[in-house]
Amino acid sequence: FRHSQVVTWRTKLLCSLLVFALNLFFAFYSIVHGYQKGINWQMSYLAGCVSHLATEVLLFETMECIWMQFLIPSLVSSEVERVNRVLSDVLMQICTQRVAFPRQLPHPLIQLSMLLTIYSYRPR
């Protein structure tokens, strides 16, 4: 495994506090700005926020769920099934190989190490 950077709890806490403080500031700024603009602007702003939220949830998040849960799996399911069959066949050959036929396939431990090497390979 590669070395990875660790973020300390102190750094996480400071970043969380910064984000919280920025959220408070912008909420306060929106309230003050809305107070200056008047009730009509506030109602328009509220309608815009509600329509944005509805569009986000009903359209974008729904499409993301459909894409991630149904479309992508259906596109790769045949390949995943093929790989599953190949791996099952290789494992069956490894497990049922007899010592009497050493020239047919390498030793089962060598086969297993080859299988694990292939299985754990991840292109960079």
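Everything below is about the structure shown above.
Summarised in this report is the structure supplied together with it. The residue numbers shown here count from 1 along each chain, following its written sequence. Local features in this predicted model are restricted to residues of pLDDT 70 or higher, and side-chain atom pairs are both shown and tallied only at a pLDDT of 80 or more, whereas totals for entire chains, interfaces and linings draw on every residue. Each side-chain value is derived from all of the structure's non-hydrogen atoms; neither hydrogens nor water enter the calculation.

1. Overview of the overall build of the protein chain
Here is step 1 of the chain: Scanning the protein chain for helices and strands turns up three helices and zero strands.
Here is step 2 of the chain: Think of it this way: any DSSP run of H or I at least four residues long counts as a helix, any run of E at least two long counts as a strand, and we number them from the N terminus. Counting from the amino terminus, helix and strand elements in the protein chain follow one another as α-α-α.
Here is step 3 of the chain: Here, Shrake-Rupley sampling with a 1.4 Å probe gives the accessible areas, and only protein chains in the shown set may cover a residue. Of the roughly 12,000 Å² of accessible surface on the protein chain, a fraction of 69% belongs to carbon and sulfur atoms.

2. Brief notes about helix H1 (residues 9–37)
Here is step 1 of the chain: For H1, built from 29 residues, the straight-helix expectation of 42 Å at 1.5 Å per residue is met to within 8% by its first-to-last C-alpha distance of 42 Å.
Here is step 2 of the chain: One or two steps after H1, the chain reaches glycine 38, where phi turns positive at roughly 105°. The length a helix should cover is 1.5 Å for every residue beyond the first.

3. Let's talk about the packing of aromatic side chains
Here is step 1 of the chain: A pair of aromatic rings is counted whenever rings of Phe, Tyr or Trp (Trp by its six-membered ring) have centres within 6.5 Å, and the orientation is called stacked for planes under 30 degrees apart, edge-to-face for over 60 and tilted otherwise. Inspection of every chain in the model, using the stated rule, returns three aromatic pairs.
Here is step 2 of the chain: Within the aromatic cluster, the residues linked to one another by ring pairs are Phe25, Phe26 and Tyr29.
Here is step 3 of the chain: Criterion for a charge above a ring: Lys NZ or Arg CZ within 6 Å of the ring centre, and within 35 degrees of the ring normal. In this structure, lysine 12 packs its charged tip against the face of tryptophan 9, placed 4.7 Å from the ring centre.

4. Let's talk about helix H2 (residues 39–96)
Here is step 1 of the chain: Helix length check: H2 (58 residues) gives 79 Å between terminal C-alpha atoms against 86 Å at 1.5 Å per residue, within 8%.
Here is step 2 of the chain: Of all the bends found along H2, the most pronounced is centred on serine 77 and spans about 45°. Two axes enter the definition of the bend at a residue: one is fitted to the seven residues ending there, the other to the seven starting there, and the bend is the angle between them.

5. Here's the deal with the packing of H1 against H2
Here is step 1 of the chain: Contact geometry of H1 with H2 gives a least axis separation of 6 Å together with a crossing angle of 130°. As summarised for this structure, H1 and H2 are arranged oblique, according to the angle between their axes. From H1, Ser30, His33, Gly34, Tyr35 and Lys37 reach across to H2, where they touch Trp41, Gln42 and Tyr45.
Here is step 2 of the chain: Gly counts as polar in this scheme, as do all residues outside two lists: the nonpolar Ala, Val, Leu, Ile, Met, Phe, Trp, Tyr, Cys and Pro, and the charged Asp, Glu, Lys and Arg. Grouping the constituent residues of the contact of H1 with H2 by class yields three nonpolar, four polar and one charged. Simply put, an axis is a line fit to the C-alpha atoms, just over the touching stretch for a helix, and the angle between two N-to-C directions goes from 0 to 180 degrees. Oblique is the label for any angle not covered by the other classes, which are roughly parallel (under 35 degrees), roughly antiparallel (over 145) and roughly perpendicular (65 to 115). Whether two residues are in contact is decided by their heavy atoms: any pair within 4.5 Å suffices.

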